Amino acid sequence: MAWGSPDIDTWTAPSFGAVSMSVRRAAMSIHLAEKALIESRSYRVRALPLLQPLAWLGRGWRDFMRCPLPGLLHGLAVSLFGALLVAAGWRHFWLLIGAFTGFLLIAPLLVTGLYAISRDLERGLSPTLHTAMSCWALRDGRLVVFGILLAFAGTGWVLTSALLVTGLVPRHLDTLEDFLRYVVLAPEGLVFESWLALGALLAAPVFASTVVAMPLLLDRPIGVMGAVFTSWKVILEHPAAMAFWAALLMGLTALGMATAMLGLIVIVPWLGHASWHVYRDVVDGSARAGRDG
């Protein structure tokens, strides 16, 4: 072999192996996506009136009143966590604001036990706190995987929000007053508008992926990707009604946070129970009833 020329045998072997591995991974990804699409197609999306989200709130409140203890404990836990977050990060508002808005991304995971409560109430059973806890005791790997994905999304938004705000504002944002003065009321630079746009850019696909996915995973033996595809199908078929639902979620959650977190004690379980009825109202799995057992 001439000086400086590559050794063909040693160069091509690992390269071919890497290409072969990439091809196998791509083929596996395609297979998983096809399987998820087939799963999703067996769940039909029902017709949905524009104001149906108001009915979901009514049914969610009814479930909350019928079995209040698990919901109150969920709400209290979220409220205490929010208070601790404020206490720890009050002098670092540039990070705190991202953490609070990131909460909305992982909220479907936090109320999974309340979906189980509403499901039992729907079946005429008498659920207890154990009902809410047992859905995690089953060690359902799908719920864990989906929870990890949501945690990554929430963490990604917290870091992105912090980088954006600190990168565009030429001073520290240590307090709420700083954030209002130099971000929300900034006379130039469109900092707040950029922050909102970036948040919406991330939140919209996460909401579309989760709006019925978590209750569907709890209720039926469907894969994570199939549940996400079904959730997207709901959004695409009913964009106006689901946008209204998203606005209700954000508005009520913001109201709960604005009451020194105390409102979350009631609002979190209320919205959690209502989210179960979103799934039950919109997703028709009757075609799979026999196969799912």
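Residues numbered from 1 in each chain as written. Predicted model: local features only at pLDDT ≥ 70, side-chain atom pairs only at ≥ 80, totals over all residues. Heavy atoms only, no water.

### As for the overall build of the protein
Right, so step 1: Counting secondary structure elements, the protein contains 14 helices and two strands.
Right, so step 2: By residue count, 42% of the 293 residues in the protein fall in the buried class.
Right, so step 3: Within the protein, counting contacts between residues at least 6 apart in sequence, those at least 24 apart form 77% of the total.
Right, so step 4: When the accessible surface of the protein is summed, it comes to about 15,700 Å², and 71% of that surface belongs to carbon and sulfur atoms. (Helix = DSSP H or I, 4+ residues; strand = E, 2+ residues; numbered from the N terminus. Buried < 20%, exposed > 50% of the residue type's maximum accessible area, 1.4 Å probe, protein only. Contact = heavy atoms within 4.5 Å. Areas by Shrake-Rupley, 256 points an atom, 1.4 Å probe, with all protein chains shown as cover.)

### Here we look at the confidence of the model for the protein
Low pLDDT marks stretches whose predicted atomic positions should not be read closely.
Right, so step 1: Overall, the predicted model of the protein reaches an average pLDDT of 82, with 83% of residues at or above 70.
Right, so step 2: The least confident element of the protein is helix H14 (residues 289–292), whose mean pLDDT is 50; the most confident is helix H2 (residues 52–66), at 97. (pLDDT = per-residue confidence, 0-100.)

### Examining helix H11 (residues 224–237)
Right, so step 1: Helix length check: H11 (14 residues) gives 20 Å between terminal C-alpha atoms against 20 Å at 1.5 Å per residue, within 8%.
Right, so step 2: For H11, the complete set of buried residues consists of Val224, Gly226, Ala227, Val228, Thr230, Ser231, Val234 and Ile235. (Expected span 1.5 Å × (residues − 1).)

### Concerning unusual backbone geometry
Right, so step 1: Unlike most non-glycine residues, alanine 260 shows phi in positive territory, near 55°.
Right, so step 2: Mapping alanine 260 onto the fold places it in the loop between helix H12 (239–258) and helix H13 (264–282).
Right, so step 3: The phi angle at methionine 261 is positive, at roughly 75°, despite the residue not being glycine.
Right, so step 4: On the secondary structure map, methionine 261 appears in the loop between H12 and H13.

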